[in-house]
Amino acid sequence: MSVPYNHHEVEQKWQKVWDGENAFKTSDDYSKPKYYALVEFPYPSGQGLHVGHPRPYTALDIVARKRRMQGYNVLYPMGFDAFGLPTENYAIANKIHPRIVTKNNVERFKGQLHSLGYSFDWDREINTTDPEYYKWTQWIFLKLFKAGLAYKSEMPINWCTSCKVGLANEEVVNGVCERCGSEVVRKVKSQWMLKITDYAEKLIQGLDTVDYVERIKVSQKNWIGKSQGAEVDFVLSGKEDRLRIYTTRPDTLFGATYMVLSPEHPLIDKYKDEIGNWDQVVAYREMASKKSDFERTELSKEKTGVAVMGLTAVNPVNGQEIPIWISDYVLMSYGTGAIMAVPAHDERDWEFAKKFGLPIIEVVAGSPVSVEEAVYTDVASGTLCNSDFLDGLSVAQAKEKIISFLEERGIGSRKTNYKLRDWVFSRQRYWGEPIPVVFCEKCGYVPLDESELPLELPEVESYMPTDSGDSPLAAMTDWVNTVCPCCGGPGKRETDTMPQWAGSSWYFLRYTDPHNDRELASKEALNYWMPVDWYNGGMEHTTLHLLYSRFWHRFLYDQEIVNTPEPYQKRTSHGMILGSNGEKMSKSRGNVVNPDEIVRDYGADTLRTYEMFIGAFDLSAAWSEDGVKGCRRFLERVWKLQDMITEGDGYSADLETKMHQTIKKVSGDFESLKYNTAIAAMMALINEFYRKNAVTRGEYKTLLILLNPVAPHITEELWEAAGFEGRLYQASWPEYDEDKTVESTVEIAVQVNGKLRLTINIARDEEKDAVIARAKEALGDKLSGNIVKEIYVPGKIVNIVAK
RNA sequence: GCCGGUGUGUCGGAAUUGGCAGACGAGGCAGACUCAAAAUCUGUUGGUGGCAACAUCGUAUGGGUUCAAGUCCCAUCACCGGCACCA
């Protein structure tokens, strides 16, 4: 009899062996085929590892281990995205330097990750707060700056009137400061911006070349938000100025019955003296400026606005004079900050028109509802009416015709717009990468020379932002005052730091050559390893992080620093692990599960197996302690198989098909995020061994290899105990024979009029006529009436239709 | 409000993408082992009717397409996630 399964001993033993043997060190042998598997590196929070972390890490650990067994040179690295707000706030509250806080948290995370037996190559660990790392983050910023993609702009920030600090959106709760509950207002500050909008088209087109889960592509595209339409100039009655608007529906121009400007629109200031109700306009503006974007959204139900008295516009196609309104549902940041309102065919315009009693003219007939109820009409359908020379045309035809009409007269043109906005790159914070720029009265903003990098964060007394809203660095006059790299005169360093997104926008490049002190990574390493073959991360990062890192990578490609336009060949997402009550795990809900306790009580292999078995990988799943026990029981049953081993390096005759089927199933499922059904297949296989109370050495060996990526410690131990050659992690992935995965006889269902009546066994390759004849015979008097149709789906089903 | 996702036994979830709904696991029930319990092993387990063979209903709801629908189409409801009223 075998000794009982002691997960503690087994796991400690093998983790030591793997460390000692450098088992998972990535080779620099560039002649081998490569595989680069990547998971999002964690933010080392003070709470330590969450049970949500092991889900994606285990999934790609499975892929990495399988690839190694298939002969690939595998890069499966790990690091820490350690700059950020929570660490800084913790440091402020506890008067500890954020560097120390980070160091402690990283150590804890590493210990926890190690206890789970991941095959990361720790020699390649990176940390975004390491000056040797952020040197290159700063270096990329300088490249962007020199390429004209970094610029300064006035942008509003959230400003707490009581704490006198700028706040992240996350710190503003219901319009008030999360910490002190005081009012938060928008305060304009000069901020560094990155021109991601220059890359909008490239970022859309790049999606056609990669293998991302469809909904991820959709969210990237929706975020960039390309739309095609036209810009049209409306003349202001009796004025020289023209009011330019953007519309995706130029075909509905005849239905424009009023205009709406964003409250901040500059034309309003220009005609200040002629506006009859200026006080009202100012009051409305003030109200709108207090609203955050989120509030504007929340208040979406009730439209607000003010008519601008004394200004009217002329519809260029029919000469009609129409009123001008201002409303905060029109944003200055999109299009031209002004719209023509077509209430008959736009839901928002319709609501607005109804509320303020503005005229509604239907210009696309065939809307399913009356004018009273009219809403936006589908672009592809409908015929124009009430539109003079457009009458009778389809929407698509009308669009073309009106654009030509406008272009001929010089009053409008075709225009493509993007929702995407430039990236606000400044933070008034301490714990981030310093922006390597000096301001000089004479030369303006001057980049540091590359040789000056890294520009390290100086030691400061206090991490609190200053009263003026500047970063804590602004108080460090010794550091701030420097010389201009351009003219040698007096200069001041930029005191804002970079956002947390910066370090994570290129980290996957650094893993390919993490200790290089001359380049961000060598050409050879980048050419060999990039692109990342498979990148998995959370759904919450499928817009911003994914887009930002694709933008930087595409820029570096244009700079000929990397050799592929897209960084990630394949991108998948995992679902969240919820508490046992089905709600998000959080301290306040009291439903947090600590992975350390699961490792202690059941073992890392059980935790890994459970997290893979819990449900469909891309959907969220609720934690269940009973489920953990079930997986532990499965591993116990695997352990006890060692007492049933019989001689024979091959597969026993009655299980040969099952073995080949299982190899095929597990191999395929590991590639397609179906870890739960792969494990189910292995459970079913061992149930067969139990039924017979026997397993041949050959069957046992195959099972251990298949299970190894999921539960690496226990399988390695059993491999050694059974006396198989070498280490299991060095074994070869088993092959299957397609011919042997199919049974020679199959059971098929026999239906009459689509209802199951019975099943029969047939030879797999039996002809249709023969199968149907046997089905009829078996049915006997269950079959009555005239046979109308006979259907045979090979190997599946017979359906006889009778009347 | 908009966008995306999900809805299947008592529970977590399967279903080769239109072909025997409920694999695998959990829980329940029964049996074996035990003085007993736990652990372990074996069997059983969607509802209704029937001693049974079997029949019948059943994948959020209501329609539809099809020889055949959890899967496709239309409408509706509920829940989860994201959001920048994007003209």
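These lines cover the structure that appears in this document, whether it is placed above or below. Each chain carries its own residue numbering, running from 1 in the written order of its sequence. Chain letters and ligand numbers both follow the written order, the letters beginning at A and the numbers at 1. The predicted nature of this model means local features are confined to residues of pLDDT at least 70 and side-chain atom pairs, given and counted, to a pLDDT of 80 or more, with totals for whole chains, interfaces and linings taken over all residues. Only hydrogens and water are set aside; all other atoms, that is, all heavy atoms of the structure, feed into the side-chain values.

## Focus on empty space enclosed by the protein
For the record, the criterion: In this analysis a 1.4 Å probe is tested at points of a 1 Å grid over the protein atoms alone, and where it fits but cannot get out there is a cavity; an open set with protein on both sides within 12 Å along at least five of seven lines is a pocket; lining residues have an atom within 4 Å of a point. Grid points are joined across faces, edges and corners, and a volume is the space filled by probe spheres set on the points. Residue type decides the class: Asp, Glu, Lys and Arg count as charged, Ala, Val, Leu, Ile, Met, Phe, Trp, Tyr, Cys and Pro as nonpolar, and the leftover types, Gly among them, as polar.
The final tally for this structure, using the stated rule, is one cavity of 30 Å³ or more. In this structure, the largest cavity spans a volume of roughly 40 Å³. Residue lining of the largest cavity: F24, R65, R68, M69, N708 and Y729, and that is the complete set. When its residues are assigned to classes, the lining of the largest cavity shows three nonpolar, one polar and two charged.

## What about the side chain of H7?
The condition is simple: A run of H or I in DSSP counts as a helix once it spans at least four residues, and a run of E counts as a strand once it spans at least two, with each numbered from the N terminus. Polar contact criterion, stated in full: a pair of N or O atoms within 3.5 Å, where within protein one must be able to donate a hydrogen and the other to accept it, and residues adjacent in sequence count only if both atoms are side-chain atoms. Two residues qualify as a contact provided that any one of their heavy atoms is within 4.5 Å of a heavy atom in the partner residue.
Turning to its location among the elements, H7 is positioned in helix α1 (residues 7-20). From its side chain, H7 meets the backbone oxygen of R600 in a polar contact 2.9 Å long. Setting aside anything within four residues of it in sequence, one finds H7 in contact with V599, R600, D601, Y602, G603 and R632.

## Description of the sheet that holds strand β34 (residues 797-802)
To be explicit about the condition: Here, any two strands with at least 2 DSSP bridges between them count as paired. Axis angles are defined between N-to-C directions and span 0 to 180 degrees, where every axis is a line fitted to C-alpha atoms and, for a helix, only to the segment in contact.
Read across the sheet, four strands follow the order β32-β31-β34-β33 without closing on themselves; strand pairing throughout is mixed. A single partner strand is all that each edge strand has here, and the edge strands are β32 (755-763) and β33 (787-793). The sheet shows a mean angle of 20 degrees between the axes of neighbouring strands, direction not considered. Across six bridges, the pairing between β33 and β34 is antiparallel. The residue of β34 that forms the bridge with I791 is N799. Running over the sheet, helix α25 (residues 768-779) touches β31 (745-752), β32, β33 and β34 and is turned about 130 degrees from β32.

## Remarks on the side chain of S471
Within the fold, S471 resides in the loop between β22 (444-447) and α13 (477-480). Excluding its chain neighbours within four sequence positions, the residues that come into contact with S471 are Q428, R429, T466, T495 and D496.

## Quick look at a negative patch on the surface
Just so we agree on the cut-off: A patch consists of residues exposed above 30% relative accessible area that lack any salt bridge, with like charges linked at up to 9 Å and nonpolar side chains (Val, Leu, Ile, Met, Phe, Trp, Tyr) linked at up to 5 Å. Each accessible area value is a Shrake-Rupley result obtained with a 1.4 Å probe; residue values ignore everything except the protein chains displayed when judging cover. Note on definitions: salt bridges are taken to be side-chain nitrogens of Lys or Arg within 4 Å of carboxyl oxygens of Asp or Glu. Only four residue types enter the charge count: Lys and Arg as positive, Asp and Glu as negative, with His and the chain ends excluded. In this description, the location of a charge corresponds to atom NZ of lysine, CZ of arginine, CG of aspartate or CD of glutamate. For every residue, the accessible area (1.4 Å probe, protein chains only) is compared with the maximum for its type, and the residue is labelled buried under 20%, exposed over 50%, or partly exposed between those bounds.
A grouping of D130, E132, E456 and D517 is seen on the molecular surface, where their side chains present a negatively charged patch. A residue is classified by how much of its surface remains accessible, and D130, at 33% relative accessible area, is partly exposed.

By themselves, these figures tell us nothing about what the structure is for.
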